[in-house]
Every structure is written in C-alpha cells, then in structure tokens.
Amino acid sequence: MATIELDGIVKQFGSVTPIDGVSLTVEDGEFLVLVGPSGCGKSTLMRTVAGLEAPTDGDVLLDGTVVTDWEPKDRNVAMVFQNYALYPHMSARRNMTFGMNSVGSFSDEEIDRRVAEAAEMLDIEDLLDRKPADLSGGEQQRVAMGRALLRDPDVFLLDEPLRNLDAKLRDRMRAELQRLHTDIETTTVYVTHDQTEAMTLGERVAVMNDGRIQQVDPPRTLYDFPETRFVAEFVGSPAINVF
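A quick note: this is a predicted structure, and the numbers were derived from the prediction, not measured.

**Student:** Could you give me a rundown of a negative patch on the surface, with the residues and numbers involved?
**Tutor:** Taken together, the side chains of Asp7, Asp57, Asp59 and Asp69 make up a negatively charged region of the molecular surface. As for its position among the elements, Asp59 is in strand 4 (residues 57-62). Exposure remark for Asp59: the relative accessible area of 31% places this residue in the partly exposed category.

**Student:** Tell me about the nonpolar core, and please be specific about residues and values.
**Tutor:** If you look at the biggest cluster of nonpolar residues, it comprises 44 residues, and the most contacted ones within it are Ile124, Tyr190 and Val207. For Ile124, the residues in contact, after removing those within four places along its chain, are Met96, Ala119, Arg142 and Val143. Counting 27 residues, the second largest nonpolar core, distinct from the first, contains Leu24, Leu34, Leu62 and Met79.

**Student:** Can you break down the sheet that holds strand 6 (residues 77-80) residue by residue, with the values?
**Tutor:** As summarised here, the arrangement of the 6 strands in space is 6-7-8-3-9-10, forming an open sheet in which the pairing is mixed. This sheet does not close on itself; its edge strands, each paired only once, are strand 6 and strand 10 (212-217). Pairs of neighbouring strands in the sheet enclose a mean axial angle of 15 degrees, with direction left out of account. Judged from the 5 bridges that link them, strand 9 (residues 204-209) and strand 10 form a sheet pairing that is antiparallel. Among the inter-strand pairings, Met208 is bridged to a residue of strand 10, identified as Ile213.

**Student:** Go over the environment of Gly64 with me, naming the residues and quoting the values.
**Tutor:** The topology assignment puts Gly64 in the loop between strand 4 and strand 5 (65-66). Of the residues examined, Gly64 reaches a relative accessible area of 47% and is grouped as partly exposed. Each C-alpha atom of the pair Gly64 and Val26 lies 12 Å from the other, and the pair is 38 residues apart in sequence.

**Student:** Describe in detail helix 3 (residues 108-122), supporting the description with residues and values.
**Tutor:** If you check helix 3, its first and last C-alpha atoms are 21 Å apart, about what 15 residues at 1.5 Å a residue would give, namely 21 Å. Check the buried side of helix 3 and you find it contacts helix 2 (92-97), helix 4 (137-150) and helix 5 (167-184). Asp123, located one to two residues past helix 3, shows a positive phi value of around 60 degrees.

Reading the values: rules and limits
Residues numbered from 1 in each chain as written. Predicted model: local features only at pLDDT ≥ 70, side-chain atom pairs only at ≥ 80, totals over all residues. Heavy atoms only, no water. Patch = residues over 30% accessible without salt bridge, like charges linked within 9 Å, V, L, I, M, F, W, Y side chains within 5 Å. Areas by Shrake-Rupley, 256 points an atom, 1.4 Å probe, with all protein chains shown as cover. Salt bridge = Lys/Arg side-chain N within 4 Å of Asp/Glu carboxyl O. Lys, Arg positive; Asp, Glu negative; His and termini not counted. Charge placed at Lys NZ, Arg CZ, Asp CG, Glu CD. Helix = DSSP H or I, 4+ residues; strand = E, 2+ residues; numbered from the N terminus. Buried < 20%, exposed > 50% of the residue type's maximum accessible area, 1.4 Å probe, protein only. Core = buried A, V, L, I, M, F, W, Y, C linked by side-chain atoms within 4.5 Å. Contact = heavy atoms within 4.5 Å. Pairing = 2+ DSSP bridges. Axes fitted to C-alpha atoms, helices over the stretch in contact; angles between N-to-C directions. Expected span 1.5 Å × (residues − 1).

So, to be careful, I would describe these as geometric facts and stop short of saying anything about function.
In structure tokens form, the structure reads like this:
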C-alpha cells in the first residue's frame, strides 16, 4: 500500500492545459473517486500518477518518495484502462498473467490460484482460453480488471472500469470492488464521470473541472456543503435548483 501525493501538477499539450496546478493527497489504503465531466482532465491526471504522462510541472510522490521521473514499471501501480489495452494475440488467461513470471515473485502455483480467484469473482471462468476478439466489450473489461488484481500492486488506478458493463453487472461489480477494497485495503483511485458511481463508491470524492480540483470531501459533505456552484450543480440527482 502507499500514499499518493500530487504536488502542483501541471500538464500542457501545446496551448491546451488539461491539468492546471492540481495538488491532492490520497491516504494509504483509501478509496478515492475522481469525478468530473468529460474533458475535465481526470484521465490525464490518472495517467500522470501511473507514469504514462510526464507532468509539465509539479511532482508525483508515492509513500513520500518523488517518482515523477520513474518509469511506470518501477512504480508498482496497476491500472485498468477504459479501452482495455489487451494483447489481441493472447488468451484472456495470458493477458491476465503476462509479466508475472518475469518479476520472479510469483510461483506457477500462486499464479494459478490468483487467476482462479479473480476469474470466479469477475465471472470469466469460461472465458480464460478465448482471445479478446472473441469477447464482448464488457468481458474484455473484466479481463483487464482481473489483470490488475493479480499483480498485488501498491496502488490501483481504475479509469472508468465499469463503463461498458450492463446495468445489472455494473451494480454487482460495484459491490465487488467495495468488497475487494475492504479485504485488501490497497490505495485506490477510481475515475468516473458518473456521479452516482462516485457517491456510492468513494470514501472521499474529488470533484474536478477545467483541469482543477473543485472540492475533496466525503460524499455526504459534498452533497450537503458544496463549496462552489459547479459542485452544487454537478452533485446530486435530480439537480439542485439555483436561484
């Protein structure tokens, strides 16, 4: 497990600034949800934590160590992408276990046990020998989640992992994610644009807009005591009336 600290993160792509001076701390073992409208910079911020994007300014710290210049493989962070990122020529099982033997910390028996447990939890036991092209979007997403679960990372980064699941499975997976976090207590950052998902999953919720954090608080506090008009209008269904 690890504490995540973002210290004045700025990310620019030419004249566009998707992240504009974000400072945020995710406590050891916390489940924090990053929520905001499409294009607000939340996925870019997630990729910066993972090391897939280098910040233009500011630092990323894991457990107090500056890792801004570290390669993604050195951060012990597992990320579930919204576009799956599965190898098309590998079976679901191979996609889930790829790289685990090379690090030398998992025996074959341990890998088989982890695969069986993750497959049962994600309801993909009958899909392990199929390749991504033979899987639906929701099935591919579950394989991607299984891959993250197997690695025993210090940090989970989940970028809209339930987006392509049907409503019934989404509800089930939401409950499974909560149970999983209770069991293993791994520091987790979960990105979504769905405020209902954010309010039901997060121990704290960070509301983001236009590249900046608007407010970070437990869900009930966000709802009862919004600090900005944007937070007041974004959180809650039906939407708040504004006079």
